[in-house]
Amino acid sequence: MENFISTHGMIISGAILLIAYIFIASEKIQKSVVALVGASLTMLLGLLPFKGYYDAQAHTYVRSVFDYIAFEVIFLLIGMMIIVHIASKSGVFKWMAIQLLKFTKGHPKLVLFTLAAFTAVASAFLDNVTTVVLMMPVTFVIAKEFDTDPVPFLITEVLASNIGGTATLIGDPPNIIIGAKAGLSFMDFVNELTLIVFLIFLVVVGVLILLFRKGLKATPEKMAHVANLDNSKTITDKKLMIRSMITLALVILGFVTHDKTHIDAYVFAVAGASFLLLFEKPKEIYKDVEWLTIFFFVGLFIIIGGFEANGGIAFLADGLIKLTHGSLDAATMLILWGSGLLSGVIDNIPYTATMAPLIAQVQHTIPYTGAGHHPLWWALALGACLGGNLTIIGAAANVLVSETAATKGHPITFMRFLKYGALTTFISLTLSSIYLYFRYLH
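Residues numbered from 1 in each chain as written. Predicted model: local features only at pLDDT ≥ 70, side-chain atom pairs only at ≥ 80, totals over all residues. Heavy atoms only, no water.

*Asks:* Just give me the short version of the side chain of S432, but keep the residues and values in it.
*Replies:* In this structure, S432 sits in helix 22 (residues 414-441). The exposure class of S432 is buried, given its relative accessible area of 0%. S432 has contacts with I196, I200, L336, L382 and L386, leaving out every residue within four places of it along the chain. (Helix = DSSP H or I, 4+ residues; strand = E, 2+ residues; numbered from the N terminus. Buried < 20%, exposed > 50% of the residue type's maximum accessible area, 1.4 Å probe, protein only. Contact = heavy atoms within 4.5 Å.)

*Asks:* Break down the packing of helix 9 (residues 173-182) against helix 19 (residues 348-365) for me, with residues and values.
*Replies:* Working note: a packed helix pair is described by the angle between its axes plus the distance between those axes. Two elements in contact, helix 9 and helix 19, have axes separated by 9 Å at closest approach and are oriented at 20°. On the basis of the axis angle, helix 9 is roughly parallel to helix 19. When you trace helix 9 past helix 19, the crossing you get is right-handed. On helix 19, the residues that touch P173, P174, I177, I178 and K181 of helix 9 are N348, I349, T352, A353, A356, P357 and A360. Considered class by class, the residues forming the contact of helix 9 with helix 19 number nine nonpolar, two polar and one charged. (Axes fitted to C-alpha atoms, helices over the stretch in contact; angles between N-to-C directions. Parallel < 35°, antiparallel > 145°, perpendicular 65-115°, else oblique. Left-handed = near helix turned anticlockwise from the far one by under 90°. Nonpolar A, V, L, I, M, F, W, Y, C, P; charged D, E, K, R; others polar.)

*Asks:* I'd like a description of the layout of surface pockets, backed by residues and values.
*Replies:* Reported here for the largest pocket is a volume of approximately 1300 Å³. Taken together, 47 residues line the largest pocket, and the ones lying closest to its centre are K31, V129, E290, T293 and A396. Contributions of two or more residues to the lining of the largest pocket are made by helix 2 (9-26), helix 4 (71-88), helix 7 (128-146), helix 9, helix 16 (291-309), helix 19 and helix 21 (396-407). At seven residues, the largest contribution of residues to the lining of the largest pocket is made by helix 4. Residues belonging to the lining of the largest pocket are distributed by class as follows: 29 nonpolar, 10 polar and eight charged. By volume, the second largest pocket is sized at about 470 Å³. (1 Å grid on protein atoms, 1.4 Å probe; cavity = no way out; pocket = protein on both sides within 12 Å on 5 of 7 lines; lining within 4 Å. Points joined across faces, edges and corners; volume = space filled by probe spheres on them.)

*Asks:* Got a sec to walk through the packing of aromatic side chains? Specific residues and values, please.
*Replies:* In this structure the tally under the stated criterion is 14 aromatic pairs. Note on F297 and F301: the rings are 5.9 Å apart at their centroids and 40° apart in plane angle, and the pair reads as tilted. Placement of both F297 and F301 in helix 16 is noted, with a separation of four residues, approximately one turn of the helix. Take F297 and F301: they sit in the same class, and that class is buried. A connected cluster of aromatic rings, assembled from ring pairs, spans F71, F75 and Y266. (Phe/Tyr/Trp six-rings, centres within 6.5 Å; stacked < 30°, edge-to-face > 60°.)

*Asks:* Explain the nonpolar core residue by residue, including any values.
*Replies:* Counting 147 residues, the largest nonpolar core has M80, F255, F301 and I412 as its most contacted members. With sequence-adjacent residues up to four places away left out, I412 is seen in contact with V151, L154, I155, I392, V401, S402, A405 and F417. (Core = buried A, V, L, I, M, F, W, Y, C linked by side-chain atoms within 4.5 Å.)

*Asks:* Give a description of the environment of W291 that names residues and reports values.
*Replies:* Tracing the backbone through its elements, the reader meets W291 in helix 16. Note on W291: relative accessible area 34%, which makes it partly exposed. Once the C-alpha coordinates of W291 and F118 are considered, the two residues, 173 residues apart in sequence, prove to be 27 Å apart. Setting aside chain neighbours within four positions, we find W291 in contact with I78 and Y286.

Written as structure tokens, this is what we have:
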């Protein structure tokens, strides 16, 4: 049995990964359970050793199961989840949103643009699900004041959240995975992606305002009412607000100064979370950490580790090189568009976790002589994050908004979302292609 597994390890580990993908996509079983079952099988079958050891014959170190779990990703996620949850208790994010609305003087088109801009900027620093959770109550209030359908606002916000989350290391889980595997810092993402993400945001929101223009009308009375919304009681705990905002600012400063301090982002996130927990009841806060997401990551890293350890990633990397004939241009565009289309259909987290080690191998075979980091990483980041806008199941934020809207009596059907999501994804990937070509390939 042991000989059979060692001989056919790549096929067995590949089958576990493929079956896990199918169950994750079908959503018949909760995805963290799927990932943990797959991880258990990987370990029980001996596809990954429990302890690392030095192989004298191959002159290489054989990594253990724990070496394949990207703990920097896990701790960064937990730290940021705790910080954001504690900060949101003060009402500060809702206060910011209402202040922005008052600034628009109640003009519906400007309100839509402002909500989208706030969502995109917030999503660059908070996770997308948290951002849309904070924005939805404000959106329903505004739609009620305007006596209009909230769906155009909700669709625009969720598309903006996925676009904004693309810009930074912590904005979207795929970027956290890419940063850990490629050794990219917070500022690397900001320097390389902010400009193109900003351009994509402006074009996409401009097109959405044009498409939704018939529903973006209001009487002067309604505009005046929105402009004068009472925001005096939104902040429920001023001390908590001040404490959490200073902590969040210092954590982000830590991310920004990584190139100088050489302290990893997860260290700042955990330090900030630990400080804020000193003033809270930890049991209550820990309850709201998305543990399902955390265990999903742990299980997934082990499954993909089994596939990588048994030569699966190297096999796929070799196939990609042959398919693109070793061309950097072809590989970059294939990864960008392939990632964009696949991430709209399957969860972009397992997809990115599979692709990251593949690109780590391919980048050594497809040489890049230009300045900056290898463009294949940026193609993966743009494709995986922006592709989440394609369908209503493309990202967790999309699913959450559609479910919440349905309970409020405003269902967003798969086809209605697809109409705007597909256009947004096409615009985003086209602009990304132009950017990658002239920035790295030209």
